[in-house]
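# Architecture and fold: a report
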Amino acid sequence: MRHFETVDDIDREAWDALAPGSCFYQSRAWLRGQERPEFATPGYLTVEADGQLLAGTPYYDFPPETHRPRAVCCCGASRPPSSHVSRR
């Protein structure tokens, strides 16, 4: 297994060969356009054998301020939505 920080470091033809033509949202072009570090840090995991790309998946590491939705009370105070309240 290998890790890449940008899809630019993965062979274009090899990556796109993993996804059928109907899977545009897994294409290298789409994923490259989604690399927006101000929103989330992208990463890619691949599996290779004998120099051939066998599998790959993107993932995104969201910073705390962007991954948890917040609700605003009528008084203006911010709090997590009830579905995210810790039940200790």
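Before going into details, it helps to say that this report is about the structure given with it. (Residues numbered from 1 in each chain as written. Predicted model: local features only at pLDDT ≥ 70, side-chain atom pairs only at ≥ 80, totals over all residues. Heavy atoms only, no water.)

### Some thoughts on a nonpolar patch on the surface
Quick reminder of the rule: Exposure above 30% relative accessible area and the absence of a salt bridge qualify a residue for a patch, where like charges join within 9 Å and nonpolar side chains (Val, Leu, Ile, Met, Phe, Trp, Tyr) within 5 Å. Per-residue accessibility takes into account occlusion by the displayed protein chains alone, with areas from the Shrake-Rupley method and a 1.4 Å probe. We count a salt bridge whenever a side-chain nitrogen from Lys or Arg sits within 4 Å of a carboxyl oxygen from Asp or Glu. Secondary structure follows DSSP: runs of H or I at least 4 residues long count as helices, runs of E at least 2 residues long count as strands, and numbering of each begins at the N terminus. Exposure categories follow from relative accessible area, calculated using a 1.4 Å probe and restricted to protein chains: below 20% of the type maximum is buried, above 50% is exposed, and the middle band is partly exposed.
A cluster of nonpolar residues, Met 1, Val 47 and Leu 54, forms a patch on the protein surface that exposes about 320 Å² of accessible area. Within the secondary structure, Met 1 sits in the segment before strand E1 (2–4). Under the relative-accessibility criterion, Met 1 is labelled exposed at 76%.

### Notes on the environment of Gln 34
Tracing the sequence through the fold places Gln 34 in the loop between helix H2 (28–33) and strand E2 (41–49). For Gln 34, a relative accessible area of 28% puts it in the partly exposed group. Residues Gln 34 and Tyr 60, 26 residues apart in the sequence, show an inter-C-alpha distance of 9.9 Å.

### Some points on the environment of Ala 40
Defined as follows: The contact definition used throughout considers only heavy atoms, calling two residues in contact when any of these lie within 4.5 Å.
Along the chain, Ala 40 falls in the loop between H2 and E2. Linking Ala 40 and Tyr 59, residues 19 residues apart in sequence, is a C-alpha distance of 9.5 Å. Discounting residues that sit within four places of it in the chain, Ala 40 has contacts with Tyr 60, Asp 61, Phe 62 and Pro 63.

### Overview of the environment of Val 7
Along the polypeptide, Val 7 turns up in the loop between E1 and helix H1 (12–18). Each C-alpha atom of the pair Val 7 and Gly 43 lies 7.9 Å from the other, and the pair is 36 residues apart in sequence.

### Considerations on the pattern of salt bridges
Going through the model one piece at a time under the given rule, you end up with four salt bridges. Note that Arg 28 and Asp 8 form a salt bridge whose closest N and O atoms lie 3.2 Å from each other. One end of the pair, Arg 28, is in helix H2; the other, Asp 8, is in the loop between E1 and H1, with 20 residues separating them in the sequence. The exposure class of Arg 28 is buried, given its relative accessible area of 7%. Between Glu 35 and Arg 32 there is a salt bridge, with its nearest N and O atoms 3.2 Å apart. The exposure class of Glu 35 is buried, given its relative accessible area of 14%. Classification of Arg 32 by relative accessible area gives partly exposed; the value is 36%.

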